Amino acid sequence: MSGAALAGEDGALRCPWALSTEDYVAYHDAEWGRPVHGDDALYERLSLEAFQSGLSWITILRRREGFREAFADFHIAKVAAFTDADRTRLLADPGIIRNRAKIEATLANARVLADWAPGELDELIWSYAPGRDARPVPKTLGDVPAITEESTALAKALKKRGIRFVGPTTAYALMQACGLVNDHLADCAAREGALAA
């Protein structure tokens, strides 16, 4: 069956996308689909998903430490205080994706989020998590959507609150990465771990 879980070098079945590099295997097994909470942690994921737009996730994953260093570990209050000199530094930083629009959105989003109450971003994002049985467990990659009603609504809610560079596809990737949905395939060894997290 095309797009079904495949055995890795260790014999464990995994989502096919996870098998192309060791970086993907580690991310897939330990992080992807596991619940993420906390405003700063969610701001990081939201920012990285925006930077990923139009690129492969492996490009972002391999530069993740560079992003963390460049953006003060994604502490919202610290990034909100970045100056024009910081913007210039970011645009010249080879450790990140030097896309002006994405950098500007990341800085603008921090300034917006700095005015929110503690826990407000976490609460807003998680309010769009569908029930665990909201749709069938995916058996193949073809069963995994790119957008959903929830991701469309989440993107709309974030944009209404002033968050930039987030559309329904980016919002759904965020939902997948942060465990709002569990899109590990039915036979994937990581599926049960994500459900238990």
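See the structure printed just above.
Residues numbered from 1 in each chain as written. Predicted model: local features only at pLDDT ≥ 70, side-chain atom pairs only at ≥ 80, totals over all residues. Heavy atoms only, no water.

J.: Would you explain the overall build of the protein chain in this entry?
T.: Helix and strand content of the protein chain: eleven helices and two strands. What you see in the protein chain, going N to C, is helices and strands ordered as β-β-α-α-α-α-α-α-α-α-α-α-α. Relative to its length of 197 residues, the protein chain is compact, with a C-alpha radius of gyration of 17 Å against a globular reference of 16 Å. Seen through its C-alpha atoms, the protein chain measures out along the principal axes to roughly 50 × 35 × 25 Å. Evaluated residue by residue, the protein chain yields a buried proportion of 47% over its 197 residues. Within the protein chain, contacts between residues separated by at least 24 positions form 67% of all contacts whose residues are at least 6 apart in sequence. With an accessible surface of roughly 9500 Å², the protein chain has 53% of that area assigned to carbon and sulfur atoms. Here the protein chain holds 23 positive side-chain charges and 28 negative ones, and the gap between their average locations is 5 Å. (Helix = DSSP H or I, 4+ residues; strand = E, 2+ residues; numbered from the N terminus. Rg over C-alpha atoms; globule rule 2.2 N^0.38 Å. Buried < 20%, exposed > 50% of the residue type's maximum accessible area, 1.4 Å probe, protein only. Contact = heavy atoms within 4.5 Å. Areas by Shrake-Rupley, 256 points an atom, 1.4 Å probe, with all protein chains shown as cover. Lys, Arg positive; Asp, Glu negative; His and termini not counted. Charge placed at Lys NZ, Arg CZ, Asp CG, Glu CD.)

J.: Is there a simple way to think about the packing of helix α9 (residues 149-160) against helix α10 (residues 168-177) in this case?
T.: A pair of packed helices can be characterised by two numbers: the angle between their axes and the separation between those axes. Where α9 meets α10, the closest approach of the two axes is 8 Å, and the angle between their N-to-C directions is 110°. With respect to α10, the element α9 is oriented roughly perpendicular. Residues Glu150, Ser151, Thr152, Leu154 and Ala155 of α9 form the contact with α10, whose participating residues are Pro168, Ala171, Tyr172, Leu174 and Met175. In terms of residue class, the contact of α9 with α10 is made up of seven nonpolar, two polar and one charged. (Axes fitted to C-alpha atoms, helices over the stretch in contact; angles between N-to-C directions. Parallel < 35°, antiparallel > 145°, perpendicular 65-115°, else oblique. Nonpolar A, V, L, I, M, F, W, Y, C, P; charged D, E, K, R; others polar.)

J.: Help me understand the side chain of asparagine 109, please; the structure alone is not making it clear to me.
T.: Within the secondary structure, asparagine 109 sits in helix α7 (residues 100-113). By relative accessible area, asparagine 109 is classed as buried at 5%.

J.: Would you mind showing me how to read the environment of proline 118 here?
T.: Tracing the chain through its elements places proline 118 in the loop between α7 and α8 (120-126). Through-space distance from the C-alpha of proline 118 to that of phenylalanine 82 is 20 Å; in sequence the pair is 36 residues apart.

J.: Looking at this structure, how should I read the packing of helix α2 (residues 39-52) against α7?
T.: At a closest axis distance of 10 Å, the pairing of α2 and α7 adopts a crossing angle of 160°. On the basis of their axis angle, the class for α2 and α7 is roughly antiparallel. Handedness of the crossing formed by α2 with α7: right-handed. Residues Tyr43, Ser47, Ala50, Phe51 and Gln52 of α2 form the contact with α7, whose participating residues are Lys102, Ile103, Thr106, Asn109, Ala110 and Leu113. Looking at the contact of α2 with α7 residue by residue, the class counts come to six nonpolar, four polar and one charged. (Left-handed = near helix turned anticlockwise from the far one by under 90°.)

J.: I'm lost on the state of the cysteines in this one. Help?
T.: Two cysteines, two sulfur atoms, one covalent bond between them: this is a disulfide. Per the counting criterion, the structure on display carries zero disulfides. Here cysteine 178 is not cross-linked by a disulfide; its sulfur's nearest cysteine counterpart is in cysteine 15, at 16 Å. Overall, the relative accessible area of 0% leaves cysteine 178 in the buried class. Note on cysteine 188: no disulfide assigned, nearest cysteine sulfur contributed by cysteine 15 at a separation of 3.8 Å. (Disulfide = S-S within 2.5 Å.)

Such coordinate-based values are descriptive only and should not be taken to indicate function.
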